[in-house]
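Results of the structural survey
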Amino acid sequence: MKTEIVKINRAQFEDFELFSAAERLRVGGLVAFPTETVYGLGGNAFDETAAARIYAAKGRPSDNPLIVHIADTEALTELAAEVPEAAYRLAEAFWPGPLTMILKKSDKVPKATTGGLNTVAIRMPADEIASALIRLSGVYVAAPSANASGRPSTTKAEHVIEDLDGKIDMIIDGGASEIGLESTIVDLTGEVPLILRPGYINAEQLAEVLGEVRFDEAVLKRSASENIVAKAPGMKYRHYAPKAPLYIVEGKSDEVIRYINAEAVKNAAEGRITGILATEETKKNYTGGMVFCVGERANAASIAAGLFDTLRSFDETGVSVIYSESFADNPLGTAIMNRLLKAAGYHIIQLKQDEDI
Ligand code: TXA
Ligand code: MG
């Protein structure tokens, strides 16, 4: 299949530029499109064949449900069997934006879209291109992240081309995703709202609107031996992993740098190249290996925005092992570390009890 690539200037575009993409969605085709979190691979959420094509294109296990994207809060009553008051409050506070809610699904939503579950994930993206595309298509758009299953999510059209060219009808290139980590997922089907995936909208912000909110215990897991089954089916799979093994090194900043430098020397002696995931503040201190700067420690949002792109970059370099610095335990840091720990298969090298970075 030939994948058409359409460039759209987010700052200034007209509806007609999205007509053919909207038409593709309407007739059961697959269109990758930018959102403020990551790129999504969209198909008509009410069309079982389109859902099946999404799973096939990504190589995604069919028990891993898709998020349904909407352009209007009114869609909630059509997609959900019941809409709790809390959902309206969250929508008021955070939509359009990087928040996904899990609700009991209505009969209209096929199980092919929800991975066989009786619940449905719903999100209203803020990205102007995403929003216009959904509105113009006239359908609800099921969209997982537009990456091949297991690889880091896509934050640029180039990433989508790498993973899905020839497998889908169209890719809309709207430039880089602003946030760079997938949406926060909150499950409203239980007694207490549960965060199934941390994201840009953090627990404190949710608690302000909801009162009580808890993390699904799998979210905070720090070791592969903790045998906890994630409530979001997708969170249980190996994810985001670069080709080379990745280790997170924790300890005082100068010790982390010294350790990684020493490993790079050892590896070089054996003819192996070391990849290093560093930051603006630390990158100049590495004396060997291939150093990639993910962002600025002083600006956690820049690290979130650069993470998937940096993880992908290592795959083009032929490094045999990657060491990453660790990130702080602040609200956005929780979301960053959640992705990084998965990418590393929970491999942490702990240099000292006293954590610095
Ligand atoms: O930011 C995002 O959420 C992006 C953009 C494209 O909107 N989408 C995204 O989709 O990250 P995906 O499919 O890569 O991740 C969806 C996650 C998976 O972990 C899935 O298991 C979970 O949401 N999920 C979807 N429906 C669910 C449900 N009914 N119950 C529990 N978890 C659900
Ligand atoms: Mg994904």
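Residues numbered from 1 in each chain as written. Chains lettered and ligands numbered in written order. Predicted model: local features only at pLDDT ≥ 70, side-chain atom pairs only at ≥ 80, totals over all residues. Heavy atoms only, no water.

We now examine the sheet that holds strand β7 (residues 141-142). Taken in spatial order, the eleven strands line up as β1-β8-β2-β3-β7-β4-β6-β5-β9-β10-β11 in an open sheet, and their pairing is mixed. In this open sheet, the two edge strands, each paired with only one partner strand, are β1 (4-7) and β11 (214-215). The sheet strands contacting helix α6 (residues 157-164) are β1, β2 (31-33), β3 (40-44) and β8 (170-173), and the helix crosses β8 at an angle near 160°. (Pairing = 2+ DSSP bridges. Helix = DSSP H or I, 4+ residues; strand = E, 2+ residues; numbered from the N terminus. Contact = heavy atoms within 4.5 Å. Axes fitted to C-alpha atoms, helices over the stretch in contact; angles between N-to-C directions.)

Once that is clear, we can look at the packing of helix α9 (residues 300-314) against helix α10 (residues 331-343). Each packed pair of helices is defined by two parameters, the angle between the axes and the distance between the axes. For the pair α9 and α10, interaxial distance at closest approach is 9 Å and the crossing angle is 15°. One element, α9, and the other, α10, form an angle in the roughly parallel class. Between α9 and α10 the crossing geometry is left-handed. For the pair formed by α9 and α10, the contact residues are Ala300, Ala301, Ile303, Ala304, Leu307, Phe308 and Leu311 on the first element and Leu332, Ile336, Arg339, Leu340 and Ala343 on the second. Grouping the amino acids of the contact of α9 with α10 by side-chain chemistry returns eleven nonpolar, no polar and one charged. (Parallel < 35°, antiparallel > 145°, perpendicular 65-115°, else oblique. Left-handed = near helix turned anticlockwise from the far one by under 90°. Nonpolar A, V, L, I, M, F, W, Y, C, P; charged D, E, K, R; others polar.)

In this section: the site of ligand 1. Taken together, 29 residues lie near ligand 1, and Thr37, Asn64, His69, Ser183 and Gly234 sit nearest. In this structure, an oxygen atom belonging to ligand 1 sits 2.8 Å away from a side-chain N or O atom of Arg197. Burial of ligand 1 by the surrounding chains reaches 97%, relative to a free accessible area of 680 Å². Elements with a minimum of two residues in the shell around ligand 1: β4 (67-69), β6 (119-123) and β10 (194-197). In terms of residue count, β6 provides more of the shell around ligand 1 than any other element does, four residues in total. (Near = heavy atom within 4 Å. Polar contact = N/O pair within 3.5 Å; in protein donor to acceptor, adjacent residues only side chain to side chain. Areas by Shrake-Rupley, 256 points an atom, 1.4 Å probe, with all protein chains shown as cover.)

Our focus in this paragraph is the packing of helix α1 (residues 19-26) against helix α5 (residues 128-137). Between α1 and α5, whose axes approach to 8 Å, the crossing angle comes to 55°. Classified by the angle between their axes, α1 and α5 sit oblique to one another. The crossing of α1 and α5 is right-handed. In this structure, α1 contributes Phe19, Ala21, Ala22, Leu25 and Arg26 to the contact, and α5 contributes Leu133, Leu136 and Ser137. Of the residues contributing to the contact of α1 with α5, the split by class is six nonpolar, one polar and one charged.

Often the size quoted for an interface is simply the accessible area lost on bringing the parts together. Domain assignment breaks the chain into domain 1 (4-215) and domain 2 (246-350). Here the C-alpha centroids of domain 1 and domain 2 sit 29 Å apart. Counting residues at the interface gives 23 residues for domain 1 and 16 residues for domain 2. A buried area of about 1500 Å², summed over both sides, lies between domain 1 and domain 2, and 56% of it is on carbon and sulfur atoms. The largest share of the area that domain 1 buries against domain 2 comes from Pro152, Leu181 and Pro198, three residues that together contribute 35% of it. Taken together, domain 1 and domain 2 are joined by five salt bridges. (Domains from an automatic or database assignment. Buried area = accessible area lost by both parts, 1.4 Å probe. Salt bridge = Lys/Arg side-chain N within 4 Å of Asp/Glu carboxyl O.)

This brings us to the nonpolar core. Core analysis: the largest hydrophobic core is formed by 46 residues, its most contacted members being Leu41, Leu90, Trp95, Ile168 and Leu206. Counting residues per element, the ones that place at least two in this core are α2 (48-58), α3 (75-79), α4 (85-94), β5 (99-104), β6, α6 and α7 (203-210). By size, the runner-up hydrophobic cluster in this structure holds 26 residues, among which are Val38, Val294, Leu311 and Val319. (Core = buried A, V, L, I, M, F, W, Y, C linked by side-chain atoms within 4.5 Å. Buried < 20%, exposed > 50% of the residue type's maximum accessible area, 1.4 Å probe, protein only.)

Attention now goes to the pattern of salt bridges. For the structure on display, the rule yields 26 salt bridges. For Arg10, the salt bridge identified is with Glu128, shortest N-O distance 3.6 Å. With Arg10 in the loop between β1 and α1 and Glu128 in helix α5, this residue pair connects regions lying 118 residues apart in the sequence. What makes Glu128 partly exposed here is its relative accessible area of 44%. When the shortest N-O distance is used, the salt bridge between Lys156 and Asp309 registers 3.3 Å. Within this pair, whereas Lys156 is found in the loop between β7 and α6, its partner Asp309 is found in helix α9, the two being separated by 153 residues in sequence. Within this structure, Arg151, Glu162, Asp163, Arg312 and Asp315 form a network of salt bridges that share partners.

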